[in-house]
Structures are given as structure tokens and as C-alpha cells.
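Coordinate inspection notes
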Amino acid sequence: MTVAIVVGAQWGDEGKGKVADFYAEQADIVVRFCGGANAGHTIVSGGRRFAFNHVPSGALYPEKINIIGNGVVLEPKRFFEELSYLTSAGYKPNIVISPRAHVVMPYHIALDGAEEEKKGALAAGTTGRGIGPCYSDKAARFGIRIDELIQPALFKEKLHTMHELKVKMLREIYGVEFNQTEEEIYNQYSEYAKMLTPMIADSGGMILDSIRADKKVLLEGAQATMLDIDHGVYPFGTSSNTSAGSACTGSGIGPTEIDEVIGVVKVYTSRVGTGPLPTELHDETGQFIRDKGWEYGTATGRPRRIGWLDLPTIKYAAQVNGLTGLAFTRLDTLSGVAKVKICTHYELSGRMLSLPPSSYTEIERCKPVYQTFDGWEDIGAEKWRACTKGGFESLPNEAQTYLQFVSDEVNVPIYMIGVGRDREDMIVLRDAFSKKSDR
Ligand code: IMP
């Protein structure tokens, strides 16, 4: 029995999907525990590219149970679009949804845009998927949960209250006309309720039963540590807890059940959305990496901001998540750059910081202090793939030095290294589920 959490250690888009998919292949249960349609997991399998928003990574395996946990905010329209894409591609995912998960309503999406505009310079550059307003309603106890959506009279009553309130807010505070009527929403969401009903079950209990039955459980994170509502760069992150603690609260099991916490680290930095990014590159090296790695958002298509690897962030992620292993991604993407840099510290008003300060205004003033490393050659897709057999020692020496430096500085061992697009393109040094190690 192993319970493993996979979380992003940076600003998202680290390649969690590929790491989660590696573990999903072995897991009996795969659980999404936070976020919603803002997440964009890309999995490339058999030459085909799947972009998931809600659906857990075990969806490509018919025998796995895929849980959408209570910590998730589910947007039914997109969820069913994802499902029909999967079924049209010949997959029959087994999905279980927590009755305690919250539902993203059309007025949440309208409010997301309106609130972002109002925030001006403090806008987070959200995905526009209604995530913040839905979590706001959850915290204010105004939300509509799955277990309420499927009770027609209760849903009607709650929708009536909320629709009136939100239309008024949108019109009178934000000057936005919201045209979907209460009846339209009721009819549409009642249909969704019927379609969701067969998937609803006590997911927390199911996870615990599986743990007791010696099964393997994967708790897959969405977004990343620096976007966490508490631990990220507030207010430029998302509206849920995205770090490892949330794997418990968002799935319904206790912290004593967790065995492994794997932090996914892209070997450089990328970010969509706004907010300070101390190691951001505005030069041709940044553009080279963006183009080589096709760094454009999965959920929104926006070009991602690119920067050098930011060690204070990774150290912080190790601390906040209690990381037991590192899964590096995109080693091949960073190849072909003559000199690569790692930010080892920030300099803030004459002080050297090894962890990010809490306030974004301070992060904005942080100057990255770099250590420069020799870059590694692009050995080509075939040779990169051969490294998955040859192991760590078969990597270019400069790449070994770079990765080992990060692991030593963060004091967390390397579990995996991604060297290509496909899920096969992974060097596995230590497998959290089998606990076998080649080092
Ligand atoms: P929201 O989650 O849509 O409210 O967006 C809040 C911030 O988190 C924005 O900066 C988004 O770009 C960012 N964000 C949300 N989800 C993801 C993700 O899955 N990957 C990367 N960034 C994300």
C-alpha cells in the first residue's frame, strides 16, 4: 500500500500530468483534490494528446477509479465535454465524484471576468473559469454543492436566492448585464444533475477502504505551490490550497495516510498570469525556450512567461509540501542553451534570502542572485529516449551536475527526470509506489 501525492513545486505547468500519468499507470485510485477547469493537464499517449481539465490522470485506464474530490469545483459543461472527448476516442473512464464538491455556476464565470477587471493591477490573470467566485461562495457558505444540485427542490431554492443576488451584483457593482435566466440555468443544471448522479459516491470512504485493502492511491495536484491561496504569491495565485496539505482536506483522508509527496520541478521557470516572477527572462533565451518547449497555456493558449530556475521557490515548495522526492521535467527543452543559470538566492535591500518573502511587494523588489552552469547539448529525441534505459549516468555530464546541484540544495532526492514529450520519456531513479531505487 502506498499513498502518493504529486504537486507542482513552481507556478504550474511543470508537467505534472506526465508524472501523474506515470503513477496513474500503477495506481488503483487516482484523486483530484483541488481546483477545477482552470487546470490543464496534458498527457501524450500513443502519439495522441489529451488535455484534461477536471478528469484525473487515471482516465486513460478503464480499470482505475478516478475520483473528483470534495476540494474540487466542478464546471459541469466542461466536465461533460471532456468525458465525451474521451469516450469518442474510445476510452471509458470510471469516474466517482464527491457529493461535497462544489459546482461552478454560469454567474461565477461572469463574476470572474468582472472582478478581474475591477482589480486592475492586482488582477491575477485568471483562466476566467469562475474558480475564484466559486471558492468565494464556498467559503461564504453561499455555494451549491453536488449533493445540493441533485436535490431539485433545494437546488431551486438556492438558485433562486443566488441568481437574484448575483444578477444584482453584476449589474449594480460591476455594470455587467447577466442574461441567463434562473429558469434556463435551472433546466440546464437539472440535466447535469441527472447525468452526474450515477457518478456520485462517498469518495473519501472509498479512498480509505482502498488504503486498508492495500491498494495504491495517487493524489494528483492541480496548479502549484506558488499559486496556493495561502502559500503562493498572494493575490496572484488561485483560490484554493494547491499544496500537499490540501490533498487530505480535498479528498477526505487524514495526513497519517500519506507516504510520499513528489514535487514536480520544471528545470526552468514558467508561469501564465500576472504577478512578480523574479527570474523572468525578457530576452531571446526566454523566447528560445518558449518556442522550443511550446510554452503556451493548456487551458487558455496564453504564451507562458519564462525564467531561469528559481531555487528559493523550490526550497519553499519542499518546506510547504514536505517533499520526499523531486520529479524534474523538460531537461530536453533546456538543452542547447550554452550557459544556464540557477537563482540560488534573492537579494532584498542588502539581505540575502534563501526563501521567498511573503508579500508580493517584497518579491517584486527581490533581485535574483545567479550561479551559472555549462549548458548541455541537445542530443536529439532518440538519444534522449535512450537515456530512459541508461539512467541518470547516461545523461550529458552538464545536465547531471545541474540536477544534482538542485537536489542537494533542496535536500530532496531525485525520483524522476523527464527527457521528452511522451509518458515513456522518463528516467525513473526511484519509484514512489514500488520503492525501488537504481541509486
Ligand atoms: P484562476 O485559478 O483561474 O482563478 O487563476 C488564478 C491564477 O492562477 C492565474 O494567474 C492563472 O493563470 C493561474 N492558474 C490557474 N490554474 C493554473 C494551472 O493549472 N496552471 C498554471 N497556472 C494556473
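Preceding this section is the structure that the text describes.
Residues numbered from 1 in each chain as written. Predicted model: local features only at pLDDT ≥ 70, side-chain atom pairs only at ≥ 80, totals over all residues. Heavy atoms only, no water.

Side note on the site of the ligand
Lining the immediate environment of the ligand, one finds 20 residues, of which N38, A124, T127, T238 and R302 sit closest. Contact between the ligand and D13: a nitrogen atom at 3.3 Å from a side-chain N or O atom of the residue. Here the ligand loses 97% of its free accessible area of 470 Å² to cover by the protein chains. Considered class by class, the residues forming the shell around the ligand number seven nonpolar, ten polar and three charged. (Near = heavy atom within 4 Å. Polar contact = N/O pair within 3.5 Å; in protein donor to acceptor, adjacent residues only side chain to side chain. Areas by Shrake-Rupley, 256 points an atom, 1.4 Å probe, with all protein chains shown as cover. Nonpolar A, V, L, I, M, F, W, Y, C, P; charged D, E, K, R; others polar.)

Section: the pattern of salt bridges
Under the criterion given, the structure shown has 21 salt bridges. Across the salt bridge formed by E280 and R305, the nearest N and O atoms sit 2.9 Å from each other. Here E280, found in the loop between β11 (269-271) and α10 (284-292), pairs with R305, found in strand β12 (residues 305-307); they are 25 residues apart in sequence, far enough to count as distant. Each member of the salt-bridge network shares a partner with another, and the members are D13, K266, E295, R304 and R330. (Salt bridge = Lys/Arg side-chain N within 4 Å of Asp/Glu carboxyl O. Helix = DSSP H or I, 4+ residues; strand = E, 2+ residues; numbered from the N terminus.)

Structural notes on the nonpolar core
Ranked by internal contacts, the top residues of the largest apolar core, which has 60 residues, are L219, L331, L334, L395, Y402, L403 and I417. Counting residues per element, this core draws most heavily on helix α14 (residues 397-410), which supplies six residues. For I417, the residues in contact, after removing those within four places along its chain, are F328, L331, F392, L395, L403, D425, M426, I427 and L429. (Core = buried A, V, L, I, M, F, W, Y, C linked by side-chain atoms within 4.5 Å. Buried < 20%, exposed > 50% of the residue type's maximum accessible area, 1.4 Å probe, protein only. Contact = heavy atoms within 4.5 Å.)

A word on helix α2 (residues 76-88)
Between the first and last C-alpha of α2 there are 18 Å, a value that for 13 residues agrees with the 18 Å anticipated at 1.5 Å per step. For α2, the full list of buried residues reads P76, F79, F80, E82, L83 and L86. The arc that holds every buried residue of α2, seen down its axis, measures 155°, which confines them to one face. Elements in contact with the buried residues of α2: β4 (48-52), β5 (65-68), β6 (73-74), β7 (94-97), β8 (102-103) and α7 (182-196). Remark: G90 follows α2 within two positions and exhibits a positive phi of approximately 95°. (Expected span 1.5 Å × (residues − 1). Arc of directions from axis to C-beta.)

Some thoughts on unusual backbone geometry
A cis amide bond links Y234 with the next residue in sequence, P235, at an omega value of 5°. Tracing the backbone through its elements, the reader meets P235 in the loop between β9 (216-220) and α9 (245-249). A positive phi angle, close to 45°, is found at W294, a residue other than glycine. Residues other than glycine seldom take positive phi values, yet N411 does so here, at roughly 65°. Structurally, N411 is set in the loop between α14 and β18 (414-418).

Let's talk about the sheet that holds strand β14 (residues 325-329)
Taken together, nine strands build an open sheet; the order of strands is β7-β5-β2-β9-β1-β10-β14-β18-β19 and the sheet is mixed. The open sheet has two edge strands, β7 and β19 (426-428), and neither has a second partner. Each adjacent strand pair in this sheet contributes to an overall mean axis angle of 20°, direction not counted. As paired elements, strand β2 (residues 29-32) and β5 share four bridges and run parallel to each other. By the bridge assignment for β5, V31 is matched with I67. (Pairing = 2+ DSSP bridges. Axes fitted to C-alpha atoms, helices over the stretch in contact; angles between N-to-C directions.)

Re the side chain of H108
Following the sequence through the fold, H108 ends up in helix α3 (residues 106-119). Owing to a relative accessible area of 1%, H108 belongs among the buried residues under this scheme. Within polar-contact distance, the side chain of H108 engages the side chain of D137 at 2.8 Å. The residues touching H108, leaving out its near neighbours within four places in the chain, are V103, G130, P133, C134 and D137.

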